[in-house]
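# Structural characterization, general
Spelled out from the first residue to the last, the chains are:
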Amino acid sequence: MAEQELFLPSTPGKFKDKSHSMHRQFHRCFASTSTMFLWALFLVALTAAYLSFQSFVDSGSKYFSSAWGGIHWERQVRSSAQIHRQNGFSVLVTGAAGFVGSHVSLALKKRGDGVVGLDNFNDYYDPSLKKARKSLLNSQNIFIVEGDVNDARLLAKLFEIVPFTHVMHLAAQAGVRYAMENPHSYVHSNIAGLVTLLEACKTADRQPAIVWASSSSVYGLNEKVPFSESDRTDQPASLYAATKKAGEEITHTYNHIYGLSITGLRFFTVYGPYGRPDMAYFSFTRNILQGKPITIYRGKNRVDLARDFTYIDDIVKGCVASLDTAKKSTGSGGKKRAPAQYRIFNLGNTSPVTVPMMVGILEKHLKVKAKKHVLEMPGNGDVPFTHANISSARRELGYKPSTDLQTGLKKFVKWYLSYYGYNHGKSLERTLKFLVAQKCRLVAFEKKEEVGTAATSLCGPHMGRLAARGF
Ligand SMILES: O=C(O)[C@H]1O[C@H](OP(=O)(O)OP(=O)(O)OC[C@H]2O[C@@H](n3ccc(=O)[nH]c3=O)[C@H](O)[C@@H]2O)[C@H](O)[C@@H](O)[C@H]1O
């Protein structure tokens, strides 16, 4: 109201005492200006408070939202990186809570190398399996840093704490068909993440040698069998394959410009205990046990699809041999001193098996028939077959796969049943019933003499003998 009076033109004749009125007007004006000034001051203070709160939140997020940093954390990293053998390595394993990463980490630690894991524990598949692998690694004194390969600050910190001799880069967005659902996750992990990691490695004062996971999928539509490293890889059939192929080109650049020693490993459909639930052998096992149908893709002209399935222990040997034979990087602090080693190897099994045959092996080990639903292969990035020529890896790494699919799947099924039981994914009630039944069987087994005596007194000696034998 006061402001309205002040700014509206005054009506002539309305004011009897002009000087008094002017005084009042001045007074009002002053009062109003000071109110405005106070308001402005208040707003400035509010803005400043908001800005400083924002910067607090921003800087705070470095410490609160990320799971790394601090003296205790650094101590864990250092301790995990400690080498316990002569001429041993200190290895940064990215994707350490993943399938291949966890197995390789355990193998390295077992022989006395220092291992620091890095994993972002994303939910591409059930993170509880990743946590279980983490617990396994922790029990062997391997520390897994929770973080992303795209976090340059974290990588710089890790290299500041530990002068890694090697990096085993296994963190990636895997899966051929999922690339159609979430293409950006492939670019994020397999391209951006790879470049961030290479930048950290190239800048390190003692550059590490790098061994990383490429893929058999880079052969794409190549029809020449078996696939050799020198075959064409310029016809990827999926975005996943394209990002792995891009990774091969990118690593070549870093080798050429900065003197990083690089070895790329083209894995062929790796399977085994603690494997990836998104892969066919794993999801088929789950469905078969649950009595659910499985979809088997078939190629053109009703030709079965085939894969050069490779057992995890063989892959681990190939990875470790790659680290052992890797030459040192030649640069330091971002400067190349001399040409460095650049290698690419197929790590396969050299004996492709069709998908229906793989299902047959699972049925045998699970002792359950699958409900099969055969479907023409959709245009989803799949390739009809893979078959590795491994002569190069055999010659230079001493790589010699020794587990056939029968044996490997038997080990996988054994692990699967011990890990999930028969009732994986079923209702809590059914799981409890299953556990109670198991417990009863155990009790009956342990107490069979007592059960036998009770059965004798109740039903006579024949029933007693049967009961004492454990039914
Ligand atoms: O070597 C690799 O570089 C890749 O290997 C693996 O890819 P793939 O060989 O495609 O394995 P996987 O999905 O187990 O399908 C196996 C077969 O089952 C068929 N398949 C699959 C699913 C289904 O429901 N039905 C079906 O018939 C399917 O058509 C295929 O013929 C990794 O996942 C990948 O991350 C990468 O590492």
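Everything numeric here is computed off the predicted structure, so don't read it as measured data. (Residues numbered from 1 in each chain as written. Predicted model: local features only at pLDDT ≥ 70, side-chain atom pairs only at ≥ 80, totals over all residues. Heavy atoms only, no water.)

Quick look at the overall build of the protein chain now. Helices and strands together make up the secondary structure of the protein chain, namely 16 helices and 13 strands. Taking all 471 residues of the protein chain together, the buried fraction comes to 46%. When the accessible surface of the protein chain is summed, it comes to about 25,200 Å², and 59% of that surface belongs to carbon and sulfur atoms. (Helix = DSSP H or I, 4+ residues; strand = E, 2+ residues; numbered from the N terminus. Buried < 20%, exposed > 50% of the residue type's maximum accessible area, 1.4 Å probe, protein only. Areas by Shrake-Rupley, 256 points an atom, 1.4 Å probe, with all protein chains shown as cover.)

Taking 1.5 Å of rise per residue, the 21 residues of helix α7 (residues 183-203) would be expected to cover 30 Å, and the 30 Å separating its terminal C-alpha atoms lies within 8% of that figure. Along α7, the sharpest kink reaches roughly 30 degrees, centred on Gly193. Inspection of α7 places Ser185, Tyr186, Ser189, Asn190, Gly193, Leu194, Thr196, Leu197, Leu198, Ala200, Cys201 and Lys202 among the buried residues, and these make up the whole buried set. Looking at the buried positions of α7, the neighbouring elements they touch are β1 (90-94), α6 (152-161), β4 (166-169), β5 (209-215), α8 (239-258) and β6 (262-267). (Expected span 1.5 Å × (residues − 1). Bend = angle between axes of the 7 residues up to and from the residue. Contact = heavy atoms within 4.5 Å.)

This part takes up the UniProt feature "domain: NAD-dependent epimerase/dehydratase" (unreviewed entry) in the protein chain. Per the UniProt record, "domain: NAD-dependent epimerase/dehydratase" (unreviewed entry) is annotated on residues 91-328. Helix makes up 42% of residues 91-328 and strand 18%, with an end-to-end C-alpha separation of 13 Å. (UniProt positions renumbered as here; feature names shortened; annotations may be inferred.)

The relative placement of two packed helices comes down to the angle between their axes together with the axis-to-axis distance. Contact geometry of helix α4 (residues 99-110) with helix α10 (residues 312-325) gives a least axis separation of 10 Å together with a crossing angle of 60 degrees. Judged on the interaxial angle alone, α10 and α4 are oblique. Considering the relative orientation of α4 and α10, their crossing is right-handed. Note on element contacts: α10 touches α4 through Ile312, Ile315, Val316, Cys319, Val320 and Leu323, opposite Phe99, Val100, His103, Val104, Ala107 and Leu108. Among the residues forming the contact of α4 with α10, the class breakdown is eleven nonpolar, one polar and no charged. (Axes fitted to C-alpha atoms, helices over the stretch in contact; angles between N-to-C directions. Parallel < 35°, antiparallel > 145°, perpendicular 65-115°, else oblique. Left-handed = near helix turned anticlockwise from the far one by under 90°. Nonpolar A, V, L, I, M, F, W, Y, C, P; charged D, E, K, R; others polar.)

This paragraph deals with the pairing of strand β3 (residues 143-146). Looking at chain direction, strand β2 (residues 114-119) and β3 are connected through four bridges and run parallel. Its bridge partner lying in β3, Val116 is registered against Phe143. (Pairing = 2+ DSSP bridges.)

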